[in-house]
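Okay, here's what each chain looks like letter by letter:
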Amino acid sequence: MKQNKRLLALAMVLIFVFTALTGCGSTSEEVEEKESETITATQGGSITWPEDMDTTVRFGTEIDESTGTLYAVFNNTQNRYTGYFTTAGDSITLTSYATTESTGITSYLITLWKEGYGGREYVNGKTIEFPTGGECYTATFSGLEPGVRYKVGISYLSGTYYISGGLTISGLTGAEALAEDAENA
């Protein structure tokens, strides 16, 4: 009887270890699905800056309430966040371009965050990858909740090099403009 209990306990430990090592039962399809949650932007679109917007600042945003568009400019930056905005519907369209001195890093990411209790929370699966070649690319975040406050993060994975470029987000009902270098933690 003692030997049966020991064998049972050993079998349970082995099952626990095997499950932990295999990702709690995740199949390779599930792992691939998690890895493919990044949206790839498609070439196209354009950005026409508002006449009074200073596009030489390190980071700045401006809102055109008549069109529901948030404009963001970033010069020699690595990571920045826009102010919060609300969507007019369940999707927003982002158009962006950027350049960099680095020849090895060819893309940057735009991530979607929503206002949460005590701060911002990443919206799972809402990351767009844009190339750094200087051409405009466009992508859409869909499945959003109208009335919820969101913001986007612009990130570039380099400790040495920086990116410069611009971004528009259309499909908004309201947004907060940021002064240069504000809210970049």
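What you see as residue numbers is a count from 1 along each chain, following the sequence as written. Owing to the predicted nature of the model, reporting of local features is limited to residues with pLDDT of at least 70; listing and counting of side-chain atom pairs is limited to 80 or more, with chain, interface and lining totals taken over all residues. Remark: hydrogens and water are excluded; side-chain values derive from all non-hydrogen atoms of the structure.

We count a stretch as a helix when DSSP gives it H or I for four or more residues in a row; a strand needs E for two or more, and each element gets its number in order from the N terminus. In terms of regular secondary structure, the protein chain is built from two helices and 13 strands. Within the protein chain, the proportion of its 185 residues that are buried is 37%. Pairs of residues are marked as contacts when any of their non-hydrogen atoms sit within 4.5 Å. The contacts in the protein chain between residues at least 6 apart in sequence include a share of 74% that link residues at least 24 apart. Surface accessibility follows the Shrake-Rupley procedure with a 1.4 Å probe radius. Residue values consider only the protein chains on display as shielding. Summed over all atoms, the accessible surface of the protein chain reaches about 10700 Å², with 52% contributed by carbon and sulfur. Partly exposed describes any residue whose relative accessible area lies between the buried limit of under 20% and the exposed limit of over 50%, with all areas from a 1.4 Å probe on protein chains only and scaled to the type maximum.

Here we take up the pattern of salt bridges. A pair can form between side chains of opposite charge whenever their charged atoms are brought close. Think of a salt bridge as a Lys or Arg side-chain nitrogen and an Asp or Glu carboxyl oxygen that are within 4 Å of each other. According to the stated counting rule, one finds two salt bridges in the structure shown. Put simply, Glu 145 and Lys 114 hold a salt bridge, and the shortest N to O gap is 3.7 Å. In this pair, Glu 145 is assigned in the loop between β10 (137-142) and β11 (149-155) and Lys 114 in strand β8 (residues 107-116), connecting sequence segments 31 residues apart. The class for Glu 145 is partly exposed, based on a relative accessible area of 41%.

Here the focus is the sheet that holds strand β2 (residues 42-43). If you trace the six strands from one edge of the open sheet to the other, you get β2-β10-β7-β12-β4-β3, paired in antiparallel fashion. If you trace the sheet from one side to the other, it starts and ends with β2 and β3 (59-64), each paired once. At least two bridges found by DSSP between two strands is the condition for calling them paired. Pairing geometry for strand β4 (residues 69-77) and strand β12 (residues 163-170), over seven bridges, is antiparallel. Considered in β12, the bridge of Thr 69 is made with Ser 170.

Atomic detail in the predicted coordinates should be set aside for any region of low pLDDT. Scored by pLDDT, the protein chain has a mean of 80; 76% of the residues are at 70 or more. What pLDDT reports is the predictor's confidence in each residue, on a scale of 0 through 100. With pLDDT under 50 throughout, residues 3-36 is counted as low confidence; its partners more than four residues away or in other chains account for five contacts.

Looking at the element boundaries, Gly 68 is found in the loop between β3 and β4. Residue classification places Gly 68 among the buried residues on the basis of a relative accessible area of 9%. Residues in contact with Gly 68, not counting those within four places in the same chain, are Ile 169, Ser 170, Gly 171 and Leu 172.

Between the rings of Phe, Tyr and Trp (Trp by its six-membered ring), a pair exists once the centres lie within 6.5 Å; its type follows the angle of the planes, with under 30 degrees stacked, over 60 edge-to-face, and the other angles tilted. Inspection of the entire model under this criterion finds five aromatic pairs. Centre to centre, the rings of Trp 49 and Tyr 71 are 6.1 Å apart; their planes meet at 50°, and the pair counts as tilted. Within this pair, whereas Trp 49 is found in the loop between β2 and β3, its partner Tyr 71 is found in strand β4, the two being separated by 22 residues in sequence. Taking relative accessible area as the criterion, Trp 49 reaches 22% and is therefore assigned partly exposed. Judged by relative accessible area, which is 11%, Tyr 71 ranks as buried. Considering the side-chain rings of Trp 113 and Tyr 122, the 5.6 Å spacing of their centres and the 70° angle between planes classify their relative orientation as edge-to-face. Of the residues examined, Tyr 122 reaches a relative accessible area of 35% and is grouped as partly exposed. Here the aromatic cluster, defined as three or more aromatic residues joined through ring pairs, consists of Phe 74, Tyr 108 and Phe 130. In our convention, an over-ring charge means Lys NZ or Arg CZ found within 6 Å of a ring centre and within 35 degrees of that ring's normal. Over the aromatic face of Tyr 81 sits the side chain of Arg 120, whose NZ or CZ is 3.8 Å from the ring centroid. In this structure, Lys 151 packs its charged tip against the face of Tyr 84, placed 4.4 Å from the ring centre.

This brings us to the pairing of β10. In this structure, β2 lies alongside β10, joined through two bridges in antiparallel fashion. Bridge assignment links Thr 42 to a residue of β10, and that residue is Thr 138. Note that strand β7 (residues 91-100) and β10 share six bridges and pair antiparallel. Within β10, the position partnered with Ile 92 by the bridge is Phe 141.

With that out of the way, let us pick up the environment of Ser 96. Summarising the element assignment, Ser 96 is placed in strand β7. Residue classification places Ser 96 among the buried positions, given a relative accessible area of 1%. Each C-alpha atom of the pair Ser 96 and Ile 110 lies 9.3 Å from the other, and the pair is 14 residues apart in sequence. Sequence-distant contacts of Ser 96, defined by excluding residues within four places in its chain, comprise Ile 47, Phe 74, Tyr 108, Ile 110, Phe 130, Glu 135, Cys 136, Tyr 137, Gly 166 and Leu 167. Any pair of nitrogen or oxygen atoms within 3.5 Å is treated as a polar contact; in protein, a donor-acceptor pairing is required on top of that, and neighbouring residues in sequence qualify only through side-chain atoms on both sides. Separated by 2.6 Å, the side chains of Ser 96 and Tyr 108 make a polar contact. Within the structure, the side chain of Ser 96 is placed 2.8 Å from the backbone oxygen of Gly 166, a separation counted as a polar contact.

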